[in-house]
Amino acid sequence: MKIAFKTYGCQMNVNDTETMAGLLIEAGHEIVEKEEEADVVIVNTCAVREKAEKKLYGKLGRLKALKKRNKTLIVGVAGCVAEKEKEKLLNRDEVNFVIGTRSIAKIPEFLERAAKGEKFLEMSDYLDEINWSTPRYHTNNHHAWVTIIYGCNKFCSYCIVPYTRGREKSRPMDDILQEVRTLANKGYREITYLGQNVDSYGKDRNDGSNLATLIRKTLEIPEMDRIWYLTSYPKDFSDELIEVIASSDRVSRSIHLPIQSGSDKILKAMNRGYTKGEYLKLIEKIKTKIPDASISTDIIVGFPGETEEDYLETKELLESIRYERVNLAMYSPREGTVSAKYFKDDVSHEIKVKRLNELLELQKRINREINEAYKAKELPIIVEGTLKDGKLYGRTINNKIVIFEGPKELIGQKLSVKIGTVTAGPLYGAVENHSVID
Ligand code: SAH
Ligand code: SF4
Ligand code: F3S
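Structural notes, computed from the coordinates. (Residues numbered from 1 in each chain as written. Chains lettered and ligands numbered in written order. Predicted model: local features only at pLDDT ≥ 70, side-chain atom pairs only at ≥ 80, totals over all residues. Heavy atoms only, no water.)

1. Overview of the packing of aromatic side chains
Applied cut-off: Two aromatic rings, drawn from Phe, Tyr or Trp (for Trp, its six-membered ring), form a pair once their centres lie within 6.5 Å of each other, and the interplanar angle then sorts them: stacked below 30 degrees, edge-to-face above 60, tilted otherwise. Accessibility here uses a 1.4 Å probe with only protein chains present; expressed as a share of the type maximum, an area under 20% marks a residue as buried, one over 50% as exposed, and anything in between as partly exposed. Placement of a positive charge over a ring is assigned whenever Lys NZ or Arg CZ falls within 6 Å of the ring centre and within 35 degrees of the normal to the ring plane.
For the structure shown, the criterion picks out eight aromatic pairs. Judged by centre distance (5.4 Å) and plane angle (80°), the ring pair of phenylalanine 155 and tyrosine 163 falls under edge-to-face. The class of phenylalanine 155 is partly exposed, set by a relative accessible area of 30%. Among the residues examined, tyrosine 163 registers a relative accessible area of 38% and is labelled partly exposed. Following the ring pairs from residue to residue traces out a cluster consisting of Tyr158, Phe303, Tyr331 and Phe343. The cationic tip of lysine 106 hangs over the ring face of tyrosine 126; the distance from NZ or CZ to the ring centre is 4.4 Å.

Written as structure tokens, this is what we have:
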């Protein structure tokens, strides 16, 4: 059968789609881009905010119309909204099956059942069946996502993820390393270790494994030029991890360390488990030990009870830390979470939008200022691919995207590129001004 995927949400969803697609190809199916050409459409969904969830319903509306023209079309819903809405989704006419975030390993079987006309919901946990030998359909042949820990135990009061992904479950370290070796043999040179909280990696295994050890062992695989990791949790970011990052320039300097708010009162209500002071101390420590660290963050504006003073504390924090990148979001109550149940969503939409826009503007200015400092500098990058306009792009070890002109043969190579112009986003290389490193 021909299968089209539509993936929303985080990189873990992207990696789950890659796994489902890999398994389906192994079972003899074909992955297609266009839904119009597909026999099956699988929507891998995100429930983190209402806006993300709404994307599914828009998509289902369009698929319903498509089903009128293609009566045999099968529609499956996977991912976090599937976990959250369960039967409610299955009850929709256009939906044939709904599967949970821990059921992806069984996708070939599910497809067979759906093809026989069965309409079903499947939420069982088959994560143990996913290992290094599971086929994965990677869309990039230079960099690969590698999920190392599933689920989340943190229960931040606003967050749906612990409900949609279940408790933390780390993969055995040997299994992960075997996957990385296999990727290296296939020509992959960069990986990103994924987890909602990568610093929790190993804690549930009681075998001494942790992220620092995993990275250290990964460094023994010489083909892996760069090791990235996402997302870090401020309270669990260990000294040992800082040491490992500092020890090798093959470990990414890009540290995504969400703070969420600059106000201790709000952090407490969010159940984040750290204060602003503790967070700032950690940043200091990272910057001392890893001077070229590039720190990014996530912020929620308009959390219940956020006063103008609380908001200004967040704003001041962005001014003082000067992050390399900030993901900003307006608070969105998620059914079933503590904050949705017990805290009134009392910051008006208007104020949320105002705060969001102010912080967006501020961060844009900071990004531009930070990027100005790169002008005329020679930056080492690895070339990742081409953009639509034919230009090449690559990344520095601290996650700066550099766009420049050059031949396609440079993809995968390490280059030094002289920066010409800069924006608040990517940096642009001076034309034809690059040289290959080693
Ligand atoms: N595990 C990561 C983030 C996972 S969700 C961490 O702990 O930081 C990604 C981001 O979505 C969060 O960092 C948060 O900023 C945002 N987010 C999560 N739930 C939200 C909600 N209910 N409303 C608005 N933003 C939310
Ligand atoms: Fe959500 Fe908090 Fe877990 Fe991140 S750490 S996924 S914000 S509960
Ligand atoms: Fe969204 Fe689920 Fe990821 S809610 S952010 S897809 S873990």
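2. So, the site of ligand 2
To keep things clear, this is the line we draw: We define proximity as follows: a residue is near a molecule or strand when any one of its heavy atoms falls within 4 Å of that partner. Throughout this entry, Asp, Glu, Lys and Arg are counted as charged residues, while Ala, Val, Leu, Ile, Met, Phe, Trp, Tyr, Cys and Pro are counted as nonpolar. The remaining residues, Gly among them, count as polar.
Surveying the vicinity of ligand 2 reveals the residues Cys152, Lys154, Phe155, Cys156, Tyr158, Cys159, Val161, Pro162, Gln196, Tyr233 and Arg272. Residue classes in the shell around ligand 2 are distributed as eight nonpolar, one polar and two charged.

3. Things to note about the sheet that holds strand E11 (residues 226-230)
Two orientations exist for strands paired in a sheet by backbone hydrogen bonds: parallel and antiparallel. We count it as follows: The pairing criterion for strands is at least two bridges between them, as found by DSSP. Helix and strand definitions here come from DSSP, where helices need a minimum of 4 consecutive H or I residues and strands a minimum of 2 consecutive E residues; each element is numbered from the N-terminal end. All axes are obtained by fitting lines to C-alpha atoms, using only the stretch in contact for helices, and the reported angles, taken between N-to-C directions, cover 0 to 180 degrees.
Reading across from one edge, E7-E10-E11 is the order of the three strands in this open sheet, with parallel pairing throughout. The strands lining the two open edges of the sheet, one partner per strand, are strand E7 (143-147) and E11. For this sheet the average axis-to-axis angle between neighbouring strands, irrespective of direction, equals 20°. By the bridge criterion, five bridges tie E7 to strand E10 (residues 190-194) in an arrangement that is parallel. Bridging from a neighbouring strand, alanine 144 pairs with isoleucine 191 of E10.

4. Section: the packing of helix H12 (residues 308-321) against helix H14 (residues 349-372)
Let me state the cut-off plainly: By definition in this entry, angles of less than 35 degrees are roughly parallel, angles greater than 145 are roughly antiparallel, angles of 65 to 115 are roughly perpendicular, and the rest are oblique. What makes a crossing left-handed is the near helix being turned counterclockwise from the far one by less than a right angle; a clockwise turn instead makes it right-handed. Here, residues are in contact when the closest pair of their heavy atoms is within 4.5 Å.
It is at 10 Å that the axes of H12 and H14 come closest, and there the two elements cross at 15°. Put simply, H12 runs roughly parallel to H14. Our pair here, H12 against H14, has a crossing hand that is right-handed. Touching Glu308, Tyr311, Thr314, Lys315, Leu318 and Glu319 of H12 are Lys354, Arg355, Glu358, Leu359, Leu362, Gln363, Arg365 and Ile366, all from H14. Considering only residue class, the contact of H12 with H14 consists of five nonpolar, two polar and seven charged.

5. Digging into the pairing of strand E4 (residues 74-79)
To be explicit about the condition: Handedness of a crossover is defined as follows: with both strands directed away from the viewer, a clockwise route from the first strand across the helix to the second makes it right-handed.
Burial analysis of E4 places six of its six residues in the buried class, the great majority of the element. Judged from the six bridges that link them, strand E3 (residues 40-45) and E4 form a sheet pairing that is parallel. Each bridged residue has a counterpart across the sheet, and for threonine 45 the counterpart in E4 is glycine 79. Chirality of the crossover, the property in question, places the unit of E3, helix H2 (residues 50-69) and E4 among those that are right-handed.

6. Describing the site of ligand 1
The test is simple: The term polar contact refers here to a pair of N or O atoms within 3.5 Å; inside protein, the definition further demands a hydrogen-donor-capable atom paired with an acceptor-capable atom, and it admits residues adjacent in sequence only when both atoms are side-chain atoms. Where accessible areas are quoted, they stem from the Shrake-Rupley method and a 1.4 Å probe; at the residue level, only the protein chains shown are allowed to cover.
The immediate surroundings of ligand 1 are formed by 16 residues, with Gln196, Pro258, Gln260, Asp298 and Ser332 found nearest. A distance of 2.7 Å separates an oxygen atom of ligand 1 from a polar side-chain atom of glutamine 260. In the complex, 89% of the free accessible area of ligand 1, which totals 530 Å², lies under the protein chains. Within the residue set of the shell around ligand 1, elements represented by two or more residues are strand E13 (294-301) and strand E14 (325-330). For the shell around ligand 1, the per-class residue count stands at eight nonpolar, four polar and four charged.

7. Some details on the sheet that holds E3
Read across the sheet, six strands follow the order E2-E1-E3-E4-E5-E6 without closing on themselves; strand pairing throughout is parallel. In the strand order of this sheet, the two ends are held by strand E2 (30-31) and strand E6 (120-122), each with one partner. The pairing of strand E1 (residues 2-7) with E3 spans five bridges and is classified as parallel. Directly across from threonine 7, in E3, lies its bridge partner asparagine 44.

8. A short note on the packing of helix H11 (residues 276-289) against H12
Two numbers describe how H11 lies on H12: the axes approach to 13 Å, and their chain directions differ by 10°. Judged on the interaxial angle alone, H12 and H11 are roughly parallel. From H11, Lys276, Tyr279, Leu280, Ile283 and Lys287 reach across to H12, where they touch Glu313, Leu317 and Ile321. Along the lines of polarity and charge, the residues of the contact of H11 with H12 split into five nonpolar, no polar and three charged.

9. What about a nonpolar patch on the surface?
Using the following cut-off: Only residues whose relative accessible area exceeds 30% and that form no salt bridge enter a patch; like-charged residues are grouped when within 9 Å of one another, and nonpolar side chains (Val, Leu, Ile, Met, Phe, Trp, Tyr) when within 5 Å. For this document, the term salt bridge refers to a Lys or Arg side-chain nitrogen within 4 Å of an Asp or Glu carboxyl oxygen.
Nonpolar side chains collect at one region of the surface, where Tyr163, Val338 and Tyr342 lie side by side and expose about 320 Å² of accessible area between them. Secondary-structure assignment places tyrosine 163 in helix H6 (residues 161-165).

10. Digging into the side chain of glutamate 384
Take glutamate 384: it is sitting in strand E15 (residues 378-386). Assessed through its relative accessible area of 11%, glutamate 384 is described here as buried. The residues contacting glutamate 384, other than those within four sequence positions of it, are His142, Glu190, Tyr393, Gly394, Arg395 and Ile411.

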